[in-house]
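# Structural overview for review
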Amino acid sequence: MTTPLGLSVVAPCFNEEAGLAVFVARMAAAARSCDVGAFEIILVDDGSRDRTWSLIQQLSVSYPEVVGVRLSRNHGHQLAVSAGLSLARGDRVLVIDADCQDPPELVGQMVARLDQGFDVVFGRRRSRAGESPFKLATARLFYRGLAALAESDIPVDTGDFRLMSRRIVARLNAMPERDRFIRGMVAWLGGRQTEILYDREARTSGATHYTLAKMLRLAGDGLTSFSVAPLRLATLLAAFGVCVSFLLLVYALVGFATGHATPGWTSLALIVVFFATAQLICMAIFGEYLGRAYMQAKGRPLYLIDEIHVAVPPSPPGGPDHAGRG
Ligand code: UDP
Ligand code: MG
C-alpha cells in the first residue's frame, strides 16, 4: 500500500533549465515545513527544447519527492497543468509556476486556509514585479473584460496559482472540454473558494514563455469557454437593425407621399434595409443555436451537489442507523 500524500505540487516547465533547481529547493523546503505529511512535486516538462528534462531526472535523484512527466511536445501551459492534475495523488493539490514568480513559501499559509474547510484557495496578485507595462495593461483589461462577460464569477488578477482540495481536482479532471481555461473551470465548479493576496515576484531567470500569440489564445479560450456573448452580437445588431429600418421606412414613405423623394430612392432604400435586416436576423438565429450546441458539446455536468442533508428522525432502539450517510 502506498503512503497517503498530503500534498501534490504541480508545476509546468517549459525551457526552465536556468531556475528549476532553485524552484525545487524552495518548494521542497516550503512543503516540508508545513504540516501535510508526505508530498510529491510533479514537474511537467511541456516539450522543452533546453536541458529541462535531464535536469528533472537529476533532481529526482536528490529529491525523491520529484515526479517527472514529459509531454510529447509543447502543448501549452494549460494542458501541461491538466496533465499534472490528472496524475496528482495528494489530498491537496497546489498549482504553481516553476519560475518562482509565485512564491513557494506561501504554501503553508494556503494549506492552513484550505484546512479551515475551503475547497480552493487562490492567490490574487496584489502587485506584479518585473512585468512590462504592456503585459500589465493587457492583463488588467483582460481580467476585467472577462469578469464582465463570463457567466461564472472568474476572480480578477488571478492566475493558476491555487491550492485545491482532492474533491475539486477530481471534478476538474472529469470535465471533458478540450479548450481548457483552468482558472475559469475552477470558478465554474464553485464550492467554498477564498483568496490570499500576494506580491508576484519577478522571474528568477529567463524570460516569459507567454508570447503575444499564446496570450491571445488564452484570452480567446477564456472568453469563448465561459461566454457566448460574442455570438450574441448578431442578435443585438439585428434588434438595432429592426429599429433603424422601421424609422427609415416611415421616413421613406413620408418622403414618397409628400413627393420630396428622388424617384427610385424609396424603393432602393427599402430593398437595402429589408435584406440587411433579414440577414442579421438569420445570423442572430444561427448564433443562438450555435451557442447552445457549443455549450452542449462541452459536456460539462449540469450541476454539482456539494452536500445532501436530511433531518434524520431519531431511530427507534435497535432500528436502522443512518448516521454517516451523504
Ligand atoms: N509554461 C509551459 N508551457 C508553455 C509556456 C509556459 O509549461 O508553453 C510554463 C512555464 O514554464 C512557467 C508557467 O508555465 O512555469 C508560466 O509561464 P511563464 O512564466 O512563461 O508566463 P508568465 O508568468 O510570464 O505569465
Ligand atoms: Mg512566469
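Before going into details, it helps to say that this report is about the structure given with it.

Thresholds, definitions, all that
- Residues numbered from 1 in each chain as written.
- Chains lettered and ligands numbered in written order.
- Predicted model: local features only at pLDDT ≥ 70, side-chain atom pairs only at ≥ 80, totals over all residues.
- Heavy atoms only, no water.
- Salt bridge = Lys/Arg side-chain N within 4 Å of Asp/Glu carboxyl O.
- Buried < 20%, exposed > 50% of the residue type's maximum accessible area, 1.4 Å probe, protein only.
- Helix = DSSP H or I, 4+ residues; strand = E, 2+ residues; numbered from the N terminus.
- Core = buried A, V, L, I, M, F, W, Y, C linked by side-chain atoms within 4.5 Å.
- Donors = N, O, S within 2.8 Å, 3.2 Å for Na, K, Ca; no water.

### Focus on the pattern of salt bridges
This model, assessed by the stated rule, comprises 21 salt bridges. E131 is the partner of R128 in a salt bridge, and the nearest nitrogen-oxygen pair spans 3.5 Å. What makes R128 buried here is its relative accessible area of 18%. Given a relative accessible area of 18%, E131 falls into the buried group. Put simply, E288 and R232 hold a salt bridge, and the shortest N to O gap is 3.0 Å. Of this pair, E288 sits in helix 10 (residues 265–298) while R232 sits in helix 9 (residues 229–257), placing them 56 residues apart in sequence.

### Some remarks on the nonpolar core
By size, the foremost hydrophobic cluster in this structure holds 37 residues, and its most contacted members are L7, L20, F23, L43 and L94. The biggest single contributor to this core is helix 1 (residues 20–33), with seven residues. L85, V120, L146 and I154 belong to the second largest nonpolar core, which has 33 residues in total.

### Let's talk about the coordination of the magnesium ion (ligand 2)
Summarising the metal site, the magnesium ion (ligand 2) is bound by the protein donors D99 (OD) and Q101 (OE1), whose distances to it range over 1.9 to 2.0 Å. Given the relative accessible area of 7%, Q101 is considered buried.

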